[in-house]
Amino acid sequence: MNIIVKTDKTGIPAADIEALRPDAGMALDRLWSGNEPMTGWVTLPVNRNQEELQRIQEIADIIKDEAELLVVIGIGGSYMGAKAAIEALPKVGPGIEVRFLGNNLCTDYYWETMQEIKEKNTILCVISKSGNTMEVRTAFEVVKPLMVEKYGSVEEASKRILAITDEETGTLRSEVAEYGYSSLVVPGNVGGRYSIGTPVGLLPMAVSGIDIMEFLDGAAECANDPGWDHDLADYAIARHLLEKQGKEVEVFGLCHSRLFYLGEWMKQLFGESEGKEGKGLMPTSLTYSTDLHSMGQYLQEGRQTFMETLMIVDEPSVSIEIPGGPQKGKTVADINEAMIGGVVSAHRQAGIPIAEVHIPKLDTRNFGQLIYFLETTCAITAMLNGVDPFNQPGVEAYKREMHRLLD
Ligand code: PA5
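Since we're looking at a predicted model, the values are computed, not measured.

Draft legend 1. Spotlight on the sheet that holds strand β3 (residues 97-101). As summarised here, the arrangement of the 5 strands in space is β3-β2-β4-β5-β6, forming an open sheet in which the pairing is parallel. If you trace the sheet from one side to the other, it starts and ends with β3 and β6 (182-185), each paired once. Within the sheet, the average angular offset between the axes of one strand and its neighbour, ignoring direction, is 20 degrees. Both strand β2 (residues 69-73) and strand β4 (residues 122-128) contribute to a ladder of 5 bridges, which runs parallel. The residue of β4 that forms the bridge with Ile 73 is Val 126. Along the sheet face, helix α7 (residues 134-151) touches β2, β3, β4 and β5 (161-165) and points at about 160 degrees away from the line of β4.

Draft legend 2. Molecular detail of the state of the cysteines. A complete count under the given rule lists 0 disulfides for this structure. Cys 378 forms no disulfide, and the closest cysteine sulfur to it belongs to Cys 222, at a distance of 14 Å.

Draft legend 3. Looking closely at the domain arrangement of the protein. Domain assignment breaks the protein into domain 1 (4-34 + 224-385) and domain 2 (47-213). One C-alpha centre belongs to domain 1, the other to domain 2; they are set 31 Å apart. Contact with domain 1, which involves 18 residues of that partner, is made by 16 residues of domain 2. Buried surface at the junction of domain 1 and domain 2, summed over both partners, amounts to about 1,600 Å²; 64% is from carbon and sulfur atoms. Our enumeration of links across domain 1 and domain 2 arrives at 1 salt bridge. Ionic pairing is found between Glu 272 and Arg 193, a salt bridge with its closest N-O pair at 3.0 Å. Run the count over domain 1 and domain 2 and you get 5 residue pairs in polar contact (both at pLDDT 80 or more). Mapped onto the side of domain 1 that touches domain 2, the elements with two or more residues apiece are α13 (260-274) and α16 (364-385). When residues of the side of domain 1 that touches domain 2 are assigned to their parent elements, the largest contribution, 8 residues, is made by α13. Here the side of domain 1 that touches domain 2 is built from residues that sort into 9 nonpolar, 3 polar and 6 charged.

Parameters at a glance
- Residues numbered from 1 in each chain as written.
- Predicted model: local features only at pLDDT ≥ 70, side-chain atom pairs only at ≥ 80, totals over all residues.
- Heavy atoms only, no water.
- Pairing = 2+ DSSP bridges.
- Helix = DSSP H or I, 4+ residues; strand = E, 2+ residues; numbered from the N terminus.
- Axes fitted to C-alpha atoms, helices over the stretch in contact; angles between N-to-C directions.
- Contact = heavy atoms within 4.5 Å.
- Disulfide = S-S within 2.5 Å.
- Domains from an automatic or database assignment.
- Buried area = accessible area lost by both parts, 1.4 Å probe.
- Salt bridge = Lys/Arg side-chain N within 4 Å of Asp/Glu carboxyl O.
- Polar contact = N/O pair within 3.5 Å; in protein donor to acceptor, adjacent residues only side chain to side chain.
- Nonpolar A, V, L, I, M, F, W, Y, C, P; charged D, E, K, R; others polar.

See the structure below:
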């Protein structure tokens, strides 16, 4: 595994972390046992459904050949993983623009997307495991008539709609049967925020030009890494122990601008998986060094309720030398490295527990490793905390209230 995780600056004694390794190991065994509900994502990268992967790639190739724009309609786990990957990763082949809709209810954003659909040859990809999510239904109902108007008939529009949803249930699956949309399946035993390795994440990634096999290879490397018996689970344990010590918040310090949406994905993953029964570190993310000039003061001298996890890309894809001034001859990466060193040193002086996740290079294989590592870490910490990582009763509560108000 290329990703390196360090917990030595968390302030948790190594012996305390080691003492919990057997418990973390038991959590991991449960994840791999095949007996726990909603753990289908655990084996996806290693026991691949080659037929489905081939179909995903074929559909993506057709979309890239025939369209200029893919509009993905989805929210939460049904868009966040793909968005994070598309923003972070290099594209290996020709890709087309992927735009997301249904991830908010902003009229002005809808309007911009509608103008794009009118102007560009478009395929719609509507993604919803339940098939009934209000934001997704609303967006889909708004843009469907646009597609019919643009392509001349319901039949022609339907040829340009791809649905990714549950195999059997939900309104979207019924519409697939009624209108003949192409479709792919969200596996029943994989929840939204763990679904990046299913068609939910893979199809938009492939359309954007990302090598999805490379991504899965990375995830498989992490899944198969023997380090889970010892140090790989330590970050999960440290997070659990820091919460027990009274920390309430985890700040993900993203030390690379292309990790911004990974931070958004992480907030959903950790927040929805761990925030229940009055437990869980509240996840938040900041981009460094940008946010050091807005939030740095608070981190250093504000209420010390948080731990910090630095997400560090060790090597940029290019090198840029500074041609003049006091730092002449150094590279921008040298300054970035000094910035990270400065953060670690200053924040440690302030007593902030710091974990570090090092990504040697921001490429697709490492990103696959990272995603799988974070999913597994999150599930282990939730299990150590004694909560179910795979439900989200609080989200359901808000949906119920919204429906009641609309009715
Ligand atoms: O992680 C989850 O399960 C949720 O965040 C869902 O992804 C989100 O609510 C969207 O649900 P659906 O895919 O059913 O539209």
